[in-house]
Amino acid sequence: MASNSRSSRSIWTFKQNKMFERALAVYDKDTPDRWHNVANAVGGKSAEEVKRHYDILVEDLISIETGRVPLPNYKTFESNSRGINDLDTRLMKKMTL
């Protein structure tokens, strides 16, 4: 019997996750056979696996948005009057055109 627990989820590579994200943008909720289309775009995953991956993503987003997952304490930078902080300034100086 298959379990729906998080421990039973399959391994997803970085590339598969990127393909999954792109496929979700192409095949919205109104697309017929959405999960089969997403699975075909990802490759190596069944429609059931991509649907479960999506459900886990939605669960994670809900947890974040409802405050059940604390946000990390990012170092803040002082902003100048244009809203550009020191980090932005340093990064722009390193850019070449």
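Everything here concerns the structure above.
Bear in mind the structure is a predicted one, so any value in this text is a computation, not a measurement. (Residues numbered from 1 in each chain as written. Predicted model: local features only at pLDDT ≥ 70, side-chain atom pairs only at ≥ 80, totals over all residues. Heavy atoms only, no water.)

So, on to the side chain of histidine 53. Residue position: histidine 53 is located in helix H3 (residues 47-65). For histidine 53, a relative accessible area of 17% puts it in the buried group. Look past the residues within four positions of histidine 53 in its chain and what remains in contact with it is Trp12, Asn17 and Phe20. (Helix = DSSP H or I, 4+ residues; strand = E, 2+ residues; numbered from the N terminus. Buried < 20%, exposed > 50% of the residue type's maximum accessible area, 1.4 Å probe, protein only. Contact = heavy atoms within 4.5 Å.)

The N-to-C vectors of helix H2 (residues 34-42) and H3 enclose an angle of 100°; their axes lie 8 Å apart at closest approach. As judged from the angle between their axes, H2 and H3 are roughly perpendicular. Facing Arg34, Trp35, His36, Val38, Ala39 and Val42 of H2, the residues of H3 in contact are Ala47, Val50, Lys51 and Tyr54. (Axes fitted to C-alpha atoms, helices over the stretch in contact; angles between N-to-C directions. Parallel < 35°, antiparallel > 145°, perpendicular 65-115°, else oblique.)

Looking now at the packing of aromatic side chains. In total, this model carries two aromatic pairs according to the counting rule given. Consider the rings of tryptophan 12 and phenylalanine 20, whose centres lie 5.5 Å apart with planes at 70°: the pair is edge-to-face. With respect to burial, tryptophan 12 and phenylalanine 20 carry one shared label: buried. Between tryptophan 35 and tyrosine 54, the ring centres sit 5.0 Å apart and the planes meet at 45°, which makes this aromatic pair tilted. On the criterion of sequence distance, the pair formed by tryptophan 35 in helix H2 and tyrosine 54 in helix H3 is long-range, its members being 19 residues apart. Look at tryptophan 35 and you get buried, because its relative accessible area is 18%. (Phe/Tyr/Trp six-rings, centres within 6.5 Å; stacked < 30°, edge-to-face > 60°.)

This paragraph deals with unusual backbone geometry. Within the chain, aspartate 33 stands out as a residue other than glycine whose phi angle is a positive 55°. Mapped onto the fold, aspartate 33 is located in the loop between helix H1 (14-26) and H2. Aspartate 33 sits in the exposed class, given a relative accessible area of 55%.

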